[in-house]
Amino acid sequence: MLHTLNESRSAGPPQPMISSPPALTSVDIRDLKYIYAPANKRPVTALENVSLEVKAGEFISLLGPSGCGKSTLLYLIGGFLPIVEGTISVDGKQIAGPGPDRGIVFQSFALFPWLTVLQNVAYGLRKQGMSKANAEDNARSFVKLVGLEGFEDSFPSHLSGGMKQRAAIARTLAIDPKILLMDEPFGALDAQTRSLMQDELLAIWRRSPKTVIFVTHDVHEAAYLSQRVVVMSARPGRIKTIVSCDFDRSDPAFVRSTQFVEKVDELQRLVRAEAKRAEDAIGR
Ligand SMILES: Nc1ncnc2c1ncn2[C@@H]1O[C@H](COP(=O)(O)OP(=O)(O)OP(=O)(O)O)[C@@H](O)[C@H]1O
Ligand SMILES: [Mg+2]
């Protein structure tokens, strides 16, 4: 069984007069709409009517056809795009920009090309005021964790796509954010590394509980990692449905259970239907 913040609370003796507090909502998205309005071009409504409550400590994935607004939603939660319509609150407070409580792994890696792998990973820790020696010590363990030992002094231009992606993941994990936003973080990895990184991410999430919002195109990955999968509709992105993935994961063979296989099929059907709608819209 996955270990979550809620489950880790001790039950204690029954106290009939005091009702237990409701589970914390970590990210509360209400009636969100986002329109890109590039100069001299037609505006694009990327998101419409998006409302979603993500609980503290929850691992949630966003699935949906290309262009349905997954990255846009993540940037809005991260505070990298202005919120014009609707609200996003983190622990009850409306956000108004980026904050150290939210760490993001961008779809495009976004490493600093003038810094080495180690300096990139240590960057956030230095910004938080950690001494150079401590930051680099800490960074070294995350570089190792993502399998980049030996490449500490390499610059991003000398790394493969998958290595850059792993360096970007290490940089975000190093700052240990309360809310981890990941935009197709394993997209550039080979199957073997991807599977190792998935398990590493789950281990980190269990060890130091955090809320994870994870974007992927891979339905198997979404079902394997998440407690709930949010399926988005073709553009303009709305929430089509939310699929619960509450498997007993204590036995690694759960991925071969009928329950898991059927869940993956269900997600596949939902995403295919939306991808088809997106294609039909282009053809019209
Ligand atoms: N800077 C921008 N200016 C104008 N339109 C944009 C911009 N960024 C994204 N869009 C449009 O907004 C829509 C949503 O884009 P977004 O990148 O959020 O989709 P996505 O679901 O992350 O897609 P993918 O799975 O391909 O990464 C798309 O139609 C895209 O063309
Ligand atoms: Mg995207």
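Residues numbered from 1 in each chain as written. Chains lettered and ligands numbered in written order. Predicted model: local features only at pLDDT ≥ 70, side-chain atom pairs only at ≥ 80, totals over all residues. Heavy atoms only, no water.

Looking at an unreviewed UniProt entry, the protein carries the name NitT/TauT family transport system ATP-binding protein, with the source organism given as Rhizobium paranaense. What the UniProt record of the protein gives under Sequence similarities (unreviewed entry) is the line "Belongs to the ABC transporter superfamily." (UniProt positions renumbered as here; feature names shortened; annotations may be inferred.)

J.: Sorry if this is basic, but what is going on with the coordination of the magnesium ion (ligand 2) here?
T.: Tetrahedral metal sites with four donors have an ideal angle of 109.5 degrees; octahedral sites with six donors have ideal angles of 90 or 180 degrees. The magnesium ion (ligand 2) binds to the protein through Ser71 (OG) and Gln107 (OE1); the donor distances cover 2.0 to 2.3 Å. Here Gln107 lies in the loop between β6 (102-105) and α3 (117-127) and Ser71 lies in helix α2 (residues 70-78), a separation of 36 residues in the sequence. Residue Gln107 is classed as partly exposed on the basis of its relative accessible area, which comes to 36%. (Donors = N, O, S within 2.8 Å, 3.2 Å for Na, K, Ca; no water. Helix = DSSP H or I, 4+ residues; strand = E, 2+ residues; numbered from the N terminus. Buried < 20%, exposed > 50% of the residue type's maximum accessible area, 1.4 Å probe, protein only.)

J.: Would you mind going over the domain arrangement of the protein with me for this structure?
T.: In many analyses, interface size is given as the accessible surface area lost on bringing the parts together. Structurally, the protein comprises domain 1 (22-101 + 186-284) and domain 2 (111-176). The C-alpha-based centres of domain 1 and domain 2 are spaced at 26 Å. Contacts between domain 1 and domain 2 engage eleven residues on the former and nine residues on the latter. Roughly 820 Å² of surface becomes buried between domain 1 and domain 2 when both sides are summed, with 67% attributable to carbon and sulfur atoms. (Domains from an automatic or database assignment. Contact = heavy atoms within 4.5 Å. Buried area = accessible area lost by both parts, 1.4 Å probe.)

J.: Any chance you could explain the pattern of salt bridges here in plain terms?
T.: Pairs may arise between side chains of opposite charge once their charged atoms sit close together. A full pass over the atoms with the stated rule returns 14 salt bridges. Arg30 is the salt-bridge partner of Glu53, the closest N and O atoms lying 3.9 Å from each other. Of the two residues, Glu53 is situated in strand β2 (residues 44-55) and Arg30 in strand β1 (residues 25-36); the sequence distance between them amounts to 23 residues. Residue Arg30 is classed as partly exposed on the basis of its relative accessible area of 42%. Linking Asp218 and Arg194 is a salt bridge whose minimum nitrogen-to-oxygen distance equals 3.8 Å. (Salt bridge = Lys/Arg side-chain N within 4 Å of Asp/Glu carboxyl O.)

J.: For this particular structure, what's the right way to read the site of ligand 1?
T.: Around ligand 1 lies a shell of 16 residues, among which Ser66, Gly67, Lys70, Thr72 and His217 are the nearest. Thr72 is positioned such that a nitrogen or oxygen atom in its side chain is 2.5 Å from an oxygen atom of ligand 1. Where the shell around ligand 1 is concerned, the elements lending two or more residues are β2 and α2. By residue number, the principal contributor to the shell around ligand 1 is α2, which donates three residues. (Near = heavy atom within 4 Å. Polar contact = N/O pair within 3.5 Å; in protein donor to acceptor, adjacent residues only side chain to side chain.)

J.: Just checking my understanding: could you explain the environment of Val117 for this structure?
T.: Relative to the elements of secondary structure, Val117 occurs in helix α3. Residue class for Val117 comes out buried when judged on its relative accessible area of 2%. Sequence separation between Val117 and Arg166 is 49 residues, and the spatial gap between their C-alpha atoms is 9.9 Å. The contact partners of Val117, leaving out residues within four places of it in the chain, are Val143, Leu148, Phe151, Glu152, Ser154, Leu159 and Ala167.

J.: Can you walk me through the packing of α3 against helix α5 (residues 161-174) in this structure?
T.: For the pair α3 and α5, interaxial distance at closest approach is 7 Å and the crossing angle is 25 degrees. When the axes of α3 and α5 are compared, the pair comes out roughly parallel. Here the hand of the crossing between α3 and α5 comes out right-handed. Mapping the contact onto sequence places Val117, Asn120, Val121 and Leu125 in α3 and Ala167, Ala170, Arg171 and Ala174 in α5. (Axes fitted to C-alpha atoms, helices over the stretch in contact; angles between N-to-C directions. Parallel < 35°, antiparallel > 145°, perpendicular 65-115°, else oblique. Left-handed = near helix turned anticlockwise from the far one by under 90°.)

J.: Please clarify how the sheet that holds strand β3 (residues 59-63) should be interpreted in this entry.
T.: Strand pairing in a sheet is mediated by backbone hydrogen bonds. Such pairs are either parallel or antiparallel. Here we have six strands laid out as an open sheet, ordered β6-β7-β8-β3-β9-β10, and mixed in their pairing. Each edge of the open sheet carries a strand with a single partner, namely β6 and β10 (239-244). The mean angle between the axes of side-by-side strands here comes to 15 degrees, regardless of whether they run parallel or antiparallel. Note: strand β9 (residues 228-232) against β10, five bridges, orientation antiparallel. Opposite Val231, over in β10, you have Thr241 as the bridge partner. The strands touched by α5 are β6 and β7 (179-183); relative to β6, the strand with the most contacts, the crossing angle is about 175 degrees. Each of β3, β7 and β8 (211-215) is contacted by helix α6 (residues 191-207), which is oriented at about 140 degrees to β3, the strand it contacts most. (Pairing = 2+ DSSP bridges.)

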